[in-house]
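Coordinate analysis (summary)
Residues per chain are reported as follows:
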Amino acid sequence: RMARAEVDGHVEASVAVHLRKVCGRAMEMEEKAAVLGRTVAQQTEAFKEQGKVLAGVREETKKQLAATIAGLQQKVTEQGGMIAKLREDVALGGDLKEQKRT
């Protein structure tokens, strides 16, 4: 009986040591998981902010392109007007030459 009680005591002590190690590892893993969770949350927030910045840049680029296109269209219109005026002047010059001949 004494030997049996001794063996049981050793087994209990061994199991207790093993349980403490397992619990310690489980707590370490929980801690690491919590840290990873916070890191993922921070990165998610950072990505959201970057998305907002990119959306702003995209909008600003659209506005700048629209302004550039409008400016170019205005120049084309102005040049078209100048070309029409030159054609008119050339036509008038031709008419004047015809009038002088007659």
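Every value quoted in this text rests on a predicted model; they were computed, and no experiment measured them.

Turning to the overall build of the protein, a few remarks are in order. Scanning the protein from N- to C-terminus turns up one helix and zero strands. Burial statistics for the protein: of 102 residues in total, 0% are counted as buried. Surface exposure of the protein reaches about 9,600 Å², of which carbon and sulfur atoms provide 63%.

In this structure the tally under the stated criterion is three salt bridges. The partner of Glu 59 in a salt bridge is Lys 62, with the nearest N and O atoms 3.6 Å apart. Of the two residues, Glu 59 and Lys 62 both sit in helix 1 (residues 2-101), three residues apart, roughly one turn of that helix. Taking relative accessible area as the criterion, Lys 62 reaches 49% and is therefore assigned partly exposed.

With that settled, the discussion passes to a nonpolar patch on the surface. Side chains of Val 7, Val 11, Val 15 and Leu 19 sit close together on the surface and give an oily, nonpolar patch of about 330 Å² of accessible area. Mapped onto the elements, Val 11 comes out in helix 1. We classify Val 11 as partly exposed; its relative accessible area is 45%.

Parameters at a glance
- Residues numbered from 1 in each chain as written.
- Predicted model: local features only at pLDDT ≥ 70, side-chain atom pairs only at ≥ 80, totals over all residues.
- Heavy atoms only, no water.
- Helix = DSSP H or I, 4+ residues; strand = E, 2+ residues; numbered from the N terminus.
- Buried < 20%, exposed > 50% of the residue type's maximum accessible area, 1.4 Å probe, protein only.
- Areas by Shrake-Rupley, 256 points an atom, 1.4 Å probe, with all protein chains shown as cover.
- Salt bridge = Lys/Arg side-chain N within 4 Å of Asp/Glu carboxyl O.
- Patch = residues over 30% accessible without salt bridge, like charges linked within 9 Å, V, L, I, M, F, W, Y side chains within 5 Å.

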